[in-house]
Amino acid sequence: MTSKVTAVGKTVDEAISLGLGQLGVTRDQVEVNVLEHPSKKFLGLFGGRNAKVELSLVRSGRVPTETEPQVAPIVEAEDNRSATTRLESPNSAAPGPMKADASAPTESTPRREQPNPVVIAPNEADLSSDDATGVRPMERYHEAADFIREVAGAMGLDVEVDVRKNRDGGLLDISGPELGMLIGRRGQTLDALQLLAGVVANKGSDKFVRLTLDAENFRRRRAKTLEDLADRLAERVVRTRKEVVLEPMPPQERKVIHARLQNHPEVDTGSRGEEPNRRVVITLK
């Protein structure tokens with residue numbers, strides 16, 4: 001039997017339990033040396049590391065029983081209460097074909113119990129299918145919402161983020177006091193946060209999800225402002241017979257201008273330039 005192993009986990013306790021599973025012993029049969037303590041990622045995105053421990057076997061006269069290797073699966077399934085209950089209840093009537101080799105249950109049991117199901121709230125279980133990571137879109141939207149709360153907290157703001165589905169993907173609606181700091185001039189800060197929230201939601205996934213970040217109905221109020229602007233500029237183009245070039249806008253705002261004037265009888269719209277300096281151009285037909 002191996003006398004020393006190194007194990008890695010999200011927490012020190014999880015790393016210890018995984019190491020115990022590899023050795024096939026209990027906690028009182030090893031000495032633990034914590035090599036690295038876990039650290040959180042900055043804003044949920046960058047840096048961070050797992051816990052790393054070294055377990056050295058202490059020789060004793062005790063031989064592990066067949067149920068002891070269940071320690072590692074219990075820890076791995078701690079987020080799934082039903083799975084934990086099953087593992088903590090030994091079945092005394094179960095056959096023991098592995099008795100001939102005391103180490104065999106140690107190696108096979110943890111691997112058999114690793115693919116634990118993801119815990120999902122009942123009202124989310126019927127949403128769109130999982131991607132290769134096994135994580136549903138609503139769970140990823142909630143991760144993005146946690147990121148927004150963390151950023152707002154770093155700015156001294158106490159906010160709530162309501163997460164719901166819409167036809168374009170996910171909508172994260174921020175509420176709370178002093179949201180002007182999160183919105184910024186013409187929504188520039190909100191747009192930047194939306195971009196970062198999208199990175200969080202799609203981190204490590206092969207299936208892209210789209211989300212929209214809003215605060216105090218800013219998106220709707222901004223769209224109304226842009227529609228009124230499009231109407232006024234279209235009238236100017238018709239009156240002066242000269243094209244009008246707008247200031248650079250993000251894609252979602254250019255889309256509002258194009259949609260507003262797409263059925264106009266006298267003007268057309270187009271775009272010029274490269275991101276982030278791409279502009280809407282209104283011309284005569």
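A quick note: this is a predicted structure, and the numbers were derived from the prediction, not measured. (Residues numbered from 1 in each chain as written. Predicted model: local features only at pLDDT ≥ 70, side-chain atom pairs only at ≥ 80, totals over all residues. Heavy atoms only, no water.)

A. Molecular detail of the layout of surface pockets. In this model, the largest pocket occupies a volume close to 1,100 Å³. As for the largest pocket, its lining consists of 29 residues, and the residues nearest its centre are Asp168, Gln194, Thr212, Arg219 and Gln252. Only helix H7 (188–201), strand E6 (211–215), helix H8 (218–240) and helix H9 (251–261) provide two or more residues apiece to the lining of the largest pocket. (1 Å grid on protein atoms, 1.4 Å probe; cavity = no way out; pocket = protein on both sides within 12 Å on 5 of 7 lines; lining within 4 Å. Points joined across faces, edges and corners; volume = space filled by probe spheres on them. Helix = DSSP H or I, 4+ residues; strand = E, 2+ residues; numbered from the N terminus.)

B. Quick look at the packing of helix H5 (residues 137–154) against H7. Between H5 and H7, the least distance of the axes is 8 Å, while the angle of their chain directions is 135°. Our classification of the angle between H5 and H7 gives oblique. Like other packed secondary-structure pairs, H5 and H7 cross with a definite hand, here right-handed. Of the residues in H7, those in contact with Arg140, Glu143, Ala144, Phe147, Ile148 and Val151 of H5 are Leu193, Leu196, Ala197, Val200 and Ala201. Split by residue class, the contact of H5 with H7 holds nine nonpolar, no polar and two charged. (Axes fitted to C-alpha atoms, helices over the stretch in contact; angles between N-to-C directions. Parallel < 35°, antiparallel > 145°, perpendicular 65-115°, else oblique. Left-handed = near helix turned anticlockwise from the far one by under 90°. Contact = heavy atoms within 4.5 Å. Nonpolar A, V, L, I, M, F, W, Y, C, P; charged D, E, K, R; others polar.)

C. Geometry of the environment of Asn277. On the secondary structure map, Asn277 appears in the loop between strand E8 (267–272) and strand E9 (279–284). It is 8.5 Å that separates the C-alpha atoms of Asn277 and Pro250, two residues lying 27 residues apart in sequence. In this structure Asn277 touches Pro248 and Arg272, once residues within four positions along its chain are discounted.

D. Examining helix H1 (residues 12–23) more closely. In this model, H1 (twelve residues) spans 17 Å end to end at C-alpha, consistent with the 16 Å of a helix rising 1.5 Å per residue. Most of H1 is tucked away: ten of the twelve residues are buried. Residues of H1 that are buried: Val12, Glu14, Ala15, Ile16, Ser17, Leu18, Gly19, Leu20, Gly21 and Leu23. A positive backbone phi angle near 75° is found at Gly24, which sits one or two residues after H1. (Expected span 1.5 Å × (residues − 1). Buried < 20%, exposed > 50% of the residue type's maximum accessible area, 1.4 Å probe, protein only.)

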